Amino acid sequence: MDSRRLHGCLGSVVVLALALLTAMLLGRAWSACDAGVNSSANGIFLLVVFIPLLWLVLMAIWLGVGALLGRHPVVRAFAVGVLILTASWCAVSLFWEGDAYHCPSGVPPWWPGFVPVPGF
């Protein structure tokens, strides 16, 4: 297996794991604040729309940065990490619900204080 295939397989696994973790974070925030339509509709949205689209966006970032910075592995790894985490944060921020009944400040009770709250 050549290195391009190996990096592509590694990228798809890492990006899928990050997309799943991002969807879990968003789903837990919705559930804790009782936001969205209901749990079933929120779960279907996350499974059918959010995860596949986020996976496609993150995979495009992985492949695009790999194509542009292929000869500089340290710079490529740093750029991929920063861009993928930024894209995941923006995806959570787009769908983050604001003030809800159970979360008047818009932040779930389990959210750590040192982590900035998503949202634009």
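If you're wondering where the values come from, they're calculated on a predicted model, not measured in any experiment. (Residues numbered from 1 in each chain as written. Predicted model: local features only at pLDDT ≥ 70, side-chain atom pairs only at ≥ 80, totals over all residues. Heavy atoms only, no water.)

**Concerning the packing of helix H1 (residues 3–33) against helix H3 (residues 73–95)**
The N-to-C vectors of H1 and H3 enclose an angle of 30 degrees; their axes lie 10 Å apart at closest approach. Our classification of the angle between H1 and H3 gives roughly parallel. Seen from above, H1 lies across H3 with right-handed handedness. Facing H1, whose interface residues are His-7, Val-15, Leu-18, Thr-22, Leu-25, Leu-26 and Trp-30, H3 presents Arg-76, Ile-84, Leu-85, Ser-88, Val-92 and Phe-95. When grouped by side-chain class, the residues that make up the contact of H1 with H3 number nine nonpolar, three polar and one charged. (Axes fitted to C-alpha atoms, helices over the stretch in contact; angles between N-to-C directions. Helix = DSSP H or I, 4+ residues; strand = E, 2+ residues; numbered from the N terminus. Parallel < 35°, antiparallel > 145°, perpendicular 65-115°, else oblique. Left-handed = near helix turned anticlockwise from the far one by under 90°. Contact = heavy atoms within 4.5 Å. Nonpolar A, V, L, I, M, F, W, Y, C, P; charged D, E, K, R; others polar.)

**Quick look at the packing of aromatic side chains**
Counting across every chain of the model gives seven aromatic pairs. Between Trp-96 and Trp-111, the aromatic rings sit 5.2 Å apart at their centres with planes inclined by 70 degrees, giving edge-to-face as the arrangement. On the criterion of sequence distance, the pair formed by Trp-96 in the segment after H3 and Trp-111 in the segment after H3 is long-range, its members being 15 residues apart. For the pair Trp-96 and Trp-111, a shared accessibility class is recorded, and that class is buried. Counting every residue linked through ring pairs, the aromatic cluster contains Trp-30, Phe-45, Phe-50 and Phe-95. Arg-28 extends its terminal NZ or CZ atom over the ring of Trp-110, reaching a point 5.1 Å from the ring centre. (Phe/Tyr/Trp six-rings, centres within 6.5 Å; stacked < 30°, edge-to-face > 60°. Buried < 20%, exposed > 50% of the residue type's maximum accessible area, 1.4 Å probe, protein only. Lys NZ or Arg CZ within 6 Å of the ring centre and 35° of its normal.)

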